[in-house]
Protein chains: 2
Amino acid sequence: MTRDANRSATRATAPTFSPLYRQIKDFLIGSLERGEWGPGDAIPSEGELAQRFNVSQGTVRKAIDEMAAENLLVRRQGKGTFVSTHSDPRSFYRFLRLLPDDGVAVPSASDPFYCENVSATPEVAAALGLQPGDPVIHVKRLLRFAGETVVFDQIYLAADLFSGLTLEALRGGERSLYSLFESDFGVRMINAEERLRAIAADPESADLLGVAVGDPLLLVERTAYTYGNKPVEWRRGLYCTRNHYYRNDLG
Amino acid sequence: MTRDANRSATRATAPTFSPLYRQIKDFLIGSLERGEWGPGDAIPSEGELAQRFNVSQGTVRKAIDEMAAENLLVRRQGKGTFVSTHSDPRSFYRFLRLLPDDGVAVPSASDPFYCENVSATPEVAAALGLQPGDPVIHVKRLLRFAGETVVFDQIYLAADLFSGLTLEALRGGERSLYSLFESDFGVRMINAEERLRAIAADPESADLLGVAVGDPLLLVERTAYTYGNKPVEWRRGLYCTRNHYYRNDLG
DNA sequence: AAGTGGTCTAGACCACCGT
DNA sequence: CGGTGGTCTAGACCACTTG
């Protein structure tokens, strides 16, 4: 992280222009990837980082500002800057967009009932960047809102990252799935992309969700990424939208 | 915008703490609301604003930074800072999340076929903050992707803001709907919230979209807001997701 | 009181855009 | 070239949290 690294780069090849705050941000992201600070930990103060990098505090601030905007860090005035965690209730509803038609959000209950090692189908392999046949973990679960079964999720995880995952661990407690991944496997989901479609209920889903075969269901396919935009989870969720809706804000 | 407005506010009532950059931001937003700068116009330079408000350039920068992050302004290095506009292709796909299963985004064609003044139903009135029976404009249109009819939209607009809207104007040209609202009626959509559900196709929609009655369709209800979070449009869209999907990024 | 993030300043220089 | 936004500095003071 030497100063003036750009200006001295008068090579013939195209130089890699990158402002100081960007280099600091990249360094901090690298530290997160390497797990040097765990979720919920405080990172060094702005002043200390400024000294360590020999830059002004404002430059460190700009790097942290961007990371806070990307939900990688959380600032807390008077206390410090902390690594984001899925245990934080504030970041809980970021990955669950389902709300009841009337009234406010109610805590949902997760009921996993299947967890096996299987071979990746071509579809799953493509989503996770694996080869068909590679080992993956297949989880099935239901989500209930106020007693009503609303979601049937089928979740596929790269087996190398989550080896040892069992149904018992999943049934654990009140923690969210991503919270468990984070604490038990050191895999932090920082990003996800969902693709939504309306489809007709198949017999298995209809049975689990208490609807008739052929009834319309909201299909939500999600690819979730960890640091470096590496896909580590793919899931196929069927949402019963009789009394709930999927909310999306177009900023 | 006097300096130290906070510190001198030693009243008994709870003072309204607000940093300088926020006051400047509020002023700029007010100017946008009052239409002092139209979509696509350049706002005064950072230096000029700093002089005008008797603050440093960095303070103005922070105000503009936030507004750029909220898509209200667009910065262009070397040129200036400009009021966002829906004519800008970059902000086009912010309000249309539908993509074809295979291949890249294709320009969509809008085909409006109905535009009448009607009385607001209770549902529409509630969404637009009106009284049931108040006048609204009801528009129906189809959206085609590469020749395939994919969306059936029913759009409701507060009549006072869009009086004079005709089918002919809607059929106008290649401009997006929000681009037309912006240039012809001075109403800029800055924000929207969508609620998604899966439902069974009714006869009218099935006919328009070329599917069977009862087939699953994606229902997308949108409330769009202009400055001051004032709702000005409510729409009910039915999306045929046979060959397309609704994409959502969970940041 | 000490330490943290939050705001603000005044000035410097760089990168980009137009003429 | 002049004007614009983009980066960076060094230092000041404020607001919040904790001991």
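Residues numbered from 1 in each chain as written. Chains lettered and ligands numbered in written order. Predicted model: local features only at pLDDT ≥ 70, side-chain atom pairs only at ≥ 80, totals over all residues. Heavy atoms only, no water.

Colleague: What is the right way to look at the UniProt feature "domain: HTH gntR-type" (unreviewed entry) in chain A in this model?
Modeller: As annotated by UniProt and renumbered to match this structure, "domain: HTH gntR-type" (unreviewed entry) occupies residues 18-86 of chain A. Along residues 18-86 of chain A, the helical share is 51% and the strand share 14%, with 31 Å between the first and last C-alpha atoms. (UniProt positions renumbered as here; feature names shortened; annotations may be inferred. Helix = DSSP H or I, 4+ residues; strand = E, 2+ residues; numbered from the N terminus.)

Colleague: Got a minute to help me understand the protein's contact with DNA strand D in this structure?
Modeller: Lining the immediate surroundings of DNA strand D are 21 residues, of which L20, S56 and T59 of chain A together with R75 and G78 of chain B lie closest. The sugar-phosphate share of atoms of DNA strand D within 4 Å of the protein amounts to 82%. One of the backbone nitrogen or oxygen atoms of S56 of chain A is found 2.7 Å away from a phosphate oxygen of DNA strand D. Between a sugar or linking oxygen of DNA strand D and a side-chain N or O atom of Q77 of chain A, the distance comes to 3.1 Å. Residue composition of the surface near DNA strand D, by class: four nonpolar, nine polar and eight charged. (Near = heavy atom within 4 Å. Polar contact = N/O pair within 3.5 Å; in protein donor to acceptor, adjacent residues only side chain to side chain. Nonpolar A, V, L, I, M, F, W, Y, C, P; charged D, E, K, R; others polar.)

Colleague: In this structure, what is going on with the interface of chain B and chain A? I would like to understand it.
Modeller: Interfaces are often sized by the accessible area lost when the parts come together. Across the contact, 30 residues belong to chain B and 30 residues belong to chain A. When chain B packs against chain A, close to 2600 Å² is buried across both sides, 47% of that on carbon and sulfur atoms. Run the count over chain B and chain A and you get four salt bridges. For R247 of chain B, the salt bridge is made with E193 of chain A, and the minimal N-O distance between the two is 3.6 Å. One can count 19 residue pairs in polar contact (both at pLDDT 80 or more) joining chain B with chain A. Considering each element in turn, the side of chain B that touches chain A owes the most residues, ten residues, to strand 8 (residues 191-200) of chain B. Of the residues assigned to the side of chain B that touches chain A, the class counts are 13 nonpolar, six polar and eleven charged. Pairing geometry for strand 8 (residues 191-200) of chain A and strand 11 (residues 244-250) of chain B, over five bridges, is antiparallel. When the bridges of strand 11 of chain B are listed, R195 of chain A appears paired with R247 of chain B. (Contact = heavy atoms within 4.5 Å. Buried area = accessible area lost by both parts, 1.4 Å probe. Salt bridge = Lys/Arg side-chain N within 4 Å of Asp/Glu carboxyl O. Pairing = 2+ DSSP bridges.)

Colleague: Would you mind showing me how to read the sheet that holds strand 1 (residues 42-43) of chain B here?
Modeller: Within a sheet, each strand pairs with its neighbour through backbone hydrogen bonds, oriented either parallel or antiparallel. Pairing is antiparallel across the open sheet formed by three strands, whose spatial order is 1-3-2 (chain B). This sheet does not close on itself; its edge strands, each paired only once, are strand 1 and strand 2 (73-76) of chain B.

Colleague: Would you mind going over helix 1 (residues 20-33) of chain A with me for this structure?
Modeller: Note on helix geometry: an α-helix contains 3.6 residues per turn, so any two residues three or four positions apart are oriented the same way. Residue and element names in this part refer to chain A. Under the 1.5 Å per step criterion, the end-to-end length of helix 1 is 20 Å for 14 residues, consistent within 8% with the ideal 20 Å. All of the buried residues along helix 1 are Q23, I24, K25, L28, I29, G30, S31 and L32. Just beyond helix 1, the residue with positive phi is G35, at close to 75°. (Expected span 1.5 Å × (residues − 1). Buried < 20%, exposed > 50% of the residue type's maximum accessible area, 1.4 Å probe, protein only.)

Colleague: Explain the nonpolar core here, please?
Modeller: Counting 65 residues, the largest nonpolar core has L165 and F181 of chain A together with L165, F181 and Y246 of chain B as the members making the most contacts within it. Residues within four places of F181 of chain A in sequence aside, it is in contact with L157, F162, L165, G186, V187, M189 and E233 of chain A. (Core = buried A, V, L, I, M, F, W, Y, C linked by side-chain atoms within 4.5 Å.)

Colleague: Just to check I follow, could you spell out the sheet that holds strand 2 (residues 73-76) of chain A for this structure?
Modeller: Residues and elements named next belong to chain A. Ordered by their spatial adjacency, three strands build an open sheet running 1-3-2, and the pairing between neighbours is antiparallel. Each edge of the open sheet is held by one strand with a lone partner, namely strand 1 (42-43) and strand 2. Relative to strand 3 (residues 80-83), strand 2 is paired through four bridges, and the arrangement is antiparallel. Across the sheet, residue V74 finds its bridge partner in strand 3, namely F82. Across the sheet, helix 3 (residues 57-69) touches strand 1, strand 2 and strand 3, and the angle it forms with strand 2 is around 115°. (Axes fitted to C-alpha atoms, helices over the stretch in contact; angles between N-to-C directions.)

Colleague: Can you help me understand the protein's contact with DNA strand C in this one?
Modeller: Neighbouring DNA strand C are 21 residues, the closest being R75 of chain A together with L20, Y21, S56 and T59 of chain B. Considering the 4 Å shell around the protein, atoms of DNA strand C inside it are sugar or phosphate in 83% of instances. Between DNA strand C and T81 of chain A, the relevant distance is 3.3 Å, taken from a phosphate oxygen to a side-chain nitrogen or oxygen of the residue. S56 of chain B places a polar main-chain atom, nitrogen or oxygen, 2.8 Å from a phosphate oxygen of DNA strand C.

Colleague: When you look at the packing of helix 1 of chain A against helix 3 of chain A in this model, what are you seeing that I'm missing?
Modeller: Helices that pack against each other are described as a pair by the angle of their axes relative to one another and the distance between those axes. Residues and elements named next belong to chain A. One way to put it is that helix 1 packs onto helix 3 with a least axis distance of 8 Å and a crossing angle of 55°. With respect to their mutual orientation, helix 1 and helix 3 come out oblique. Crossing of helix 1 against helix 3: the hand is right-handed. From helix 1, L20, Y21, I24, K25, L28, I29 and L32 reach across to helix 3, where they touch T59, V60, K62, A63, I64, E66 and M67. The residue inventory of the contact of helix 1 with helix 3, partitioned by class, reads ten nonpolar, one polar and three charged. (Parallel < 35°, antiparallel > 145°, perpendicular 65-115°, else oblique. Left-handed = near helix turned anticlockwise from the far one by under 90°.)

Colleague: Is there a simple way to think about the domain arrangement of chain A in this case?
Modeller: Residues and elements named next belong to chain A. Considered domain by domain, chain A is made up of domain 1 (20-83) and domain 2 (89-246). Taking the mean C-alpha position of each, domain 1 and domain 2 sit 31 Å from one another. The interface formed by domain 1 and domain 2 holds zero salt bridges in total. In this assembly, domain 1 and domain 2 are joined by one residue pair in polar contact (both at pLDDT 80 or more). Those elements giving two or more residues to the side of domain 1 that touches domain 2 turn out to be helix 1 and strand 2. Here the residues of the side of domain 1 that touches domain 2 sort into six nonpolar, two polar and two charged. (Domains from an automatic or database assignment.)

Colleague: Which parts of the structure should I look at to understand the environment of N117 of chain B?
Modeller: By the secondary structure assignment, N117 of chain B is in strand 5 (residues 108-119). Residues in contact with N117 of chain B, not counting those within four places in the same chain, are V136 and I137 of chain B.

Colleague: Honestly, the packing of aromatic side chains in this entry has me stumped. Any pointers?
Modeller: The geometry of an aromatic ring pair is captured by the separation of the ring centres together with the interplanar angle, meaning the angle of the planes. Within this structure, the stated rule accounts for 15 aromatic pairs over all chains. With a centroid separation of 5.4 Å and an interplanar angle of 55°, the aromatic rings of F162 of chain A and F185 of chain A are classed as tilted. Residue F162 of chain A is found in the loop between strand 7 (148-158) and helix 5 (167-171), and its partner F185 of chain A is found in helix 6 (residues 177-185); the two are separated by 23 residues along the sequence. A relative accessible area of 0% means that F162 of chain A is categorised as buried. Taken together, the aromatic side chains of F95, F162, Y178, F181 and F185 of chain A make up a single cluster linked through ring pairs. Over the aromatic face of Y114 of chain B sits the side chain of K140 of chain B, whose NZ or CZ is 4.9 Å from the ring centroid. (Phe/Tyr/Trp six-rings, centres within 6.5 Å; stacked < 30°, edge-to-face > 60°. Lys NZ or Arg CZ within 6 Å of the ring centre and 35° of its normal.)

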